[in-house]
Structure formats: structure tokens, C-alpha cells
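Structure assessment
The residues making up each chain are set out below.
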Amino acid sequence: MSKIVSVVGLPNFSEVGKKYEVNIEKLLDIKHSEEFILFREFLRNSNKLGDKELEKIFKSLKAKFSTATNSPIGKTIRFLVGAGIGLIPGVGTPLSLAVSAADQYLFDKVMPSKGIITFINKGYPSIFKEKIC
């Protein structure tokens, strides 16, 4: 875990008390989340991966794109694009349905919002609060 934290550049439990405080409520909330369970499974095999491989997994364009497009703003933009296509005279409705189907397939199957990337990018950092001096 500490190897992944250092490669990705996330807060570390060794900095708790000095630089960060732990949000216990948030920690207990994510403890049973699907993302955390998947991350624990990933950790069991991650010791075989080198720093470059870990960095490639967590800092890849696909990981960043998946996180951005599944954020509230990203979901709103996806909805507005689909709705806007529906306004095109003559072909809007069938085209909008096709775009919606493609959107759902892409983000549910190809780049799902749940998983280790979501945990590392959102869940793990959310348990730390900057310590106010």
C-alpha cells in the first residue's frame, strides 16, 4: 500500500498528526465500499508490480478520463450532449437514443466508475483532512 501511495503521490498514514488528520467517519463509510473491496484484492497482487507499472495504472489517461467523466460535472455534460443531439431536426431522436446507448455501454463496460482507480482518486484521499495549525 505504501508503495502505491508514494508512486501516486497520495497522503500517507505516516503523515497523520503532522500534516493530516484522519476523517474516521469517512474511513468507516468507505470500509465496506465496492471500490475498497476491489482495491484490497488488487493489493494482494500488487507486490509483483514495479513502480513504473503502478504509475501507468493509476496515472493513465484512461484513469483520469474515467474519473472526470463520472464526476457530477462529467455526468451533467454527458447528459446535456445527449439531450442536445436530440434537438437536431429530423434525426435528433434516433441519434440521441444511439448516443445514449453508446454512452451507457462505454461508461458501464469499457470505463466503469467503480474500481481501484475510483478508490485511489476519490475514496482514499477523502479520509484525510489537512491539519489546521
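The structure presented is a predicted model; accordingly, all values stated were derived computationally and were not measured. (Residues numbered from 1 in each chain as written. Predicted model: local features only at pLDDT ≥ 70, side-chain atom pairs only at ≥ 80, totals over all residues. Heavy atoms only, no water.)

1. Some details on the overall build of the protein chain
A tally of helices and strands in the protein chain yields eight helices and two strands. Each helix and strand of the protein chain, ordered N terminal to C terminal, gives the series α-β-α-α-α-α-α-α-α-β. Looking at the protein chain as a whole, 28% of its 133 residues qualify as buried. The contacts of the protein chain with a sequence gap of at least 6 include a subset with a gap of at least 24, amounting to 77%. Accessible surface for the protein chain amounts to roughly 8900 Å². Of this, 63% is attributable to carbon and sulfur atoms. (Helix = DSSP H or I, 4+ residues; strand = E, 2+ residues; numbered from the N terminus. Buried < 20%, exposed > 50% of the residue type's maximum accessible area, 1.4 Å probe, protein only. Contact = heavy atoms within 4.5 Å. Areas by Shrake-Rupley, 256 points an atom, 1.4 Å probe, with all protein chains shown as cover.)

2. Some details on the packing of aromatic side chains
This structure, assessed with the given rule, holds three aromatic pairs. Taken together, Tyr-20, Tyr-124 and Phe-128 form an aromatic cluster joined through their ring pairs. (Phe/Tyr/Trp six-rings, centres within 6.5 Å; stacked < 30°, edge-to-face > 60°.)

3. Some thoughts on the nonpolar core
Within the largest apolar cluster, 15 residues are counted, with the highest numbers of intra-cluster contacts made by Ile-4, Phe-39, Phe-42, Phe-58 and Ile-120. Of all elements in the fold, only α3 (34-46), α4 (51-58) and α8 (116-126) reach the threshold of two or more residues within this core. Considering every element that reaches this core, the biggest residue donor is α8, with five residues. The contacts of Phe-42, once residues within four sequence positions are left out, are Ile-4, Leu-49, Leu-54, Ile-57, Phe-58 and Ile-116. (Core = buried A, V, L, I, M, F, W, Y, C linked by side-chain atoms within 4.5 Å.)

4. Notes on the pattern of salt bridges
In this structure the tally under the stated criterion is one salt bridge. Here Asp-103 and Arg-78 are joined by a salt bridge, their closest N and O atoms 2.8 Å apart. In this pair, Asp-103 sits in helix α7 (residues 92-110) while Arg-78 sits in helix α6 (residues 72-85), placing the two residues 25 residues apart along the sequence. For Asp-103, a relative accessible area of 22% puts it in the partly exposed group. Judged by relative accessible area, Arg-78 falls into the partly exposed class, the value being 22%. (Salt bridge = Lys/Arg side-chain N within 4 Å of Asp/Glu carboxyl O.)

5. What about the confidence of the model for the protein chain?
Detailed reading of the predicted coordinates is not advisable wherever pLDDT falls low. Scored by pLDDT, the protein chain has a mean of 77; 80% of the residues are at 70 or more. Taken element by element, the protein chain is modelled with least confidence in helix α5 (residues 61-69), mean pLDDT 65, and with most confidence in helix α2 (residues 24-30), mean pLDDT 87. (pLDDT = per-residue confidence, 0-100.)

6. Some remarks on the environment of Ile-30
Relative to the assigned elements, Ile-30 resides in helix α2. Residues Ile-30 and Tyr-124, spaced 94 residues apart in sequence, show a C-alpha to C-alpha distance of 8.5 Å. The contact partners of Ile-30, leaving out residues within four places of it in the chain, are Phe-36, Phe-119, Gly-123 and Ile-127.

7. Focus: the side chain of Ser-33
Among the structural elements, Ser-33 can be located in the loop between α2 and α3. Accessibility expressed as a relative area gives 17% for Ser-33, which makes it buried.

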